[in-house]
Amino acid sequence: MSAQSPAAVVRPTDPDPAAPQPPHVPRPLSRSNLVQTLAAGYVPLLVATLVVFLPLLWMLLSSFKQPGEIVTTDLKILPQSLNLENYATAMTTVPFAQFFANSLIVTSVGSTIKVVLAILTAYALVFVRFPYKNVIFVLILVALMVPAQVSILPNYILIAGMGGKNTLWGIILPGLGTAFGTFLLRQHFLTLPQSILEAAEIDDAGHWRRLWQIIVPVSLPSVATVALVTVVSEWNDYIWPLIITDRPETMTLPVGLTLLQNSEGNGAGWGILMAGAVLVIVPILLVFAALQRYIVAGLTQGSVTG
């Protein structure tokens with residue numbers, strides 16, 4: 001009977017000292033990982049949140065305070081009672097309903113036209129062939145970098161010469177161009193696959209049909225982001241409506257707050273002014289709550305390339 005050879009025993013080899021070692025990954029609950037997470041993540045986020053939130057909280061609390069609770073050497077954070085007199089006074093001292101209607105008209109009309117123009121311009125810059133297209137895009141970028149205050153005097157001379165002073169269209173007209181919306185939508189349109197447009201060309205679809213039936217439906221997050229930014233800027237615009245209007249009949253809400261500030265003296269109007277500011281912010285917060293889920297998706301759509 002012949003002896004059988006023993007089976008080969010596989011032994012682990014020693015690691016090669018010259019081989020590159022994998023990076024050391026700290027445990028999730030280790031002290032170093034917790035310190036890094038707090039220092040680089042939660043602490044800056046908390047500080048930024050407090051910087052934005054605390055003034056709004058102070059404004060909301062002050063809107064319920066009496067004058068003696070605001071103008072005093074004894075700091076009082078919470079109001080003694082939820083007094084709604086400041087809100088009633090803010091809505092009756094000045095034509096608040098007229099201010100609200102003016103802001104609603106200016107914001108809805110102005111933002112709608114600006115978003116439509118941004119969509120059309122971005123589509124033309126991406127999908128339409130015409131000379132000097134890149135030059136036009138560079139000019140749009142230049143307009144994006146120029147402060148809006150630079151054009152206030154030329155716009156005032158132009159609009160006043162056209163008879164637009166103390167009119168709603170005089171408030172809307174100078175700001176119809178939106179470089180930010182055009183830039184954001186163009187960057188997103190560049191990421192769209194060419195296959196959907198080729199299928200539209202096979203179906204003999206023109207530019208108008210391609211835009212509203214194909215491009216816009218697949219770009220709703222980016223369009224919603226542009227719409228939200230435009231609505232917020234139109235609603236909160238202060239400098240231009242203050243310059244072009246001096247009658248309460250055509251003032252918007254931010255400008256109308258200046259009348260609340262001058263309604264009473266000796267610090268008695270601060271609570272009323274805070275109440276008016278809260279009433280101005282509430283509609284924007286509702287719009288933001290309705291569209292906030294599109295913000296991150298819309299801002300990141302244009303940053304992803306094939």
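Coordinates for the structure precede this section.
This is a predicted model, so every value here is computed, not measured.

Draft legend 1. Structural view of the overall build of the protein. For the protein, the helix and strand inventory stands at 15 helices and 0 strands. By the burial criterion, 33% of the 306 residues in the protein qualify as buried. Of the contacts formed within the protein by residues at least 6 apart in sequence, a portion of 71% connects residues at least 24 apart. Counting only carbon and sulfur atoms, one obtains 68% of the accessible surface of the protein, whose full area is about 19,400 Å².

Draft legend 2. Quick peek at the layout of surface pockets. Roughly 970 Å³ of volume is contained in the largest pocket. Surrounding the largest pocket, 33 residues form its lining, Lys114, Ala148, Pro174, Gly175 and Gly177 being those nearest its centre. Of all the secondary structure elements, the ones that give two or more residues to the lining of the largest pocket are helix H4 (96-127), helix H5 (133-145), helix H6 (152-161), helix H7 (168-172), helix H8 (179-189), helix H11 (220-236) and helix H12 (239-244). Considering every element that reaches the lining of the largest pocket, the biggest residue donor is H11, with 5 residues. Split into classes, the residues belonging to the lining of the largest pocket amount to 18 nonpolar, 12 polar and 3 charged. Size it by volume and the second largest pocket reaches roughly 180 Å³. Among the elements of the structure, H4 and helix H9 (194-202) are those that each provide at least two residues to the lining of the second largest pocket. The leading source of residues in the lining of the second largest pocket is H9, at 4 residues. Across the lining of the second largest pocket, the residue classes tally to 4 nonpolar, 1 polar and 5 charged.

Draft legend 3. Summary view of the pattern of salt bridges. Taken as a whole, this structure holds 2 salt bridges when the rule is applied. Between Lys114 and Glu234 there is a salt bridge, with its nearest N and O atoms 3.2 Å apart. With Lys114 in helix H4 and Glu234 in helix H11, the pair connects residues that are 120 residues apart, well separated along the chain. Glu234 matches Lys114 in its accessibility class, with the two residues each being buried. The partner of Asp246 in a salt bridge is Lys165, and the shortest N-O contact between them spans 3.9 Å.

Draft legend 4. Examining a nonpolar patch on the surface more closely. Together, Ile105, Val109, Ile113, Val116, Leu117, Leu120, Trp208 and Trp212 line one region of the surface with nonpolar side chains, adding up to about 660 Å² of accessible area. Listing elements by their share of the nonpolar patch, those giving two or more residues are H4 and helix H10 (207-218). Among the elements that line the nonpolar patch, the one with the most residues is H4, at 6 residues. In this fold, Ile105 is placed in helix H4.

Thresholds applied
Residues numbered from 1 in each chain as written. Predicted model: local features only at pLDDT ≥ 70, side-chain atom pairs only at ≥ 80, totals over all residues. Heavy atoms only, no water. Helix = DSSP H or I, 4+ residues; strand = E, 2+ residues; numbered from the N terminus. Buried < 20%, exposed > 50% of the residue type's maximum accessible area, 1.4 Å probe, protein only. Contact = heavy atoms within 4.5 Å. Areas by Shrake-Rupley, 256 points an atom, 1.4 Å probe, with all protein chains shown as cover. 1 Å grid on protein atoms, 1.4 Å probe; cavity = no way out; pocket = protein on both sides within 12 Å on 5 of 7 lines; lining within 4 Å. Points joined across faces, edges and corners; volume = space filled by probe spheres on them. Nonpolar A, V, L, I, M, F, W, Y, C, P; charged D, E, K, R; others polar. Salt bridge = Lys/Arg side-chain N within 4 Å of Asp/Glu carboxyl O. Patch = residues over 30% accessible without salt bridge, like charges linked within 9 Å, V, L, I, M, F, W, Y side chains within 5 Å.

Any functional reading would require information beyond the geometric quantities listed.
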